[in-house]
Amino acid sequence: MTNPQTHCDHNCKGHCNALDIALNHERQAILEYAAFRDECNYPDVRAMLNELILRQEKTLRLLEETKAALHARFEVLDQVQESFEP
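Residues numbered from 1 in each chain as written. Predicted model: local features only at pLDDT ≥ 70, side-chain atom pairs only at ≥ 80, totals over all residues. Heavy atoms only, no water.

## A look at the overall build of the protein
To keep it simple, the criterion reads: Every helix listed is a DSSP run of H or I at least four residues long, and every strand listed is a run of E at least two residues long, numbered separately from the N terminus. Note on contacts: a residue pair is in contact if any heavy atoms of the two residues lie within 4.5 Å. Note on areas: Shrake-Rupley with a 1.4 Å probe; residue coverage comes only from the protein chains shown.
Across its full length, the protein holds 2 helices and 0 strands. Put simply, of all contacts in the protein between residues at least 6 apart along the chain, 57% involve residues at least 24 apart. Of the roughly 6900 Å² of accessible surface on the protein, 56% is carried by carbon and sulfur atoms.

Here it is as structure tokens:
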């Protein structure tokens, strides 16, 4: 059964629902890890949580870059298509 939140109709037209959901998940994970880290007083666990936050931030940047690239690609395709319209 498909979760309606993550359904992808393969007709993104410059907006990708899957990327938006992934971005939200990454942001939420960062907030949760930071909250755990802030409450923890064990140095090894704090260091591990900081590492997880850095990894999630890296993934977040990748998702944002991919979303921007897709948006730019669809803009170019729209411009090409418009140039052929009467």
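## Re the pattern of salt bridges
Convention followed: Here, a salt bridge means any Lys or Arg side-chain nitrogen found within 4 Å of an Asp or Glu carboxyl oxygen. Partly exposed describes any residue whose relative accessible area lies between the buried limit of under 20% and the exposed limit of over 50%, with all areas from a 1.4 Å probe on protein chains only and scaled to the type maximum.
Summed over the entire model, instances satisfying the criterion amount to 4 salt bridges. Linking Arg-27 and Glu-64 is a salt bridge whose minimum nitrogen-to-oxygen distance equals 3.5 Å. Pair noted here: Arg-27 is in helix α1 (residues 17-39) and Glu-64 is in helix α2 (residues 43-84), with a separation of 37 residues, a long-range link. Arg-27 sits in the partly exposed class, given a relative accessible area of 38%. Given a relative accessible area of 36%, Glu-64 falls into the partly exposed group. With its nearest N and O atoms 3.5 Å apart, the salt bridge here joins Glu-51 to Arg-55. Highlighted residues: Glu-51 and Arg-55, both in helix α2, separated by 4 residues, approximately one helical turn.

## Some words on α1
What counts here: Expected span, for any helix, means 1.5 Å times one less than how many residues it has.
Compared with an ideal rise of 1.5 Å per residue, which puts 23 residues at 33 Å, α1 spans 33 Å between its outermost C-alpha atoms and is within 8% of the ideal. Three or more residues of α1 are buried, namely Leu-19, Asp-20, Ile-21, Leu-23, Glu-26, Ala-29, Ile-30, Ala-34 and Arg-37. Buried residues in α1 make contact with α2.

## Quick notes on a nonpolar patch on the surface
Selection criterion: For patches, a residue must show more than 30% relative accessible area and have no salt bridge; joins then use 9 Å for like charges and 5 Å for nonpolar side chains, namely Val, Leu, Ile, Met, Phe, Trp and Tyr.
A cluster of nonpolar side chains, namely Tyr-42, Val-45 and Met-48, defines an oily patch on the protein surface of about 270 Å² accessible area. Mapped onto the secondary structure, Tyr-42 falls in the loop between α1 and α2. Taking the relative accessible area as the measure of exposure, Tyr-42 reaches 48% and is therefore partly exposed.

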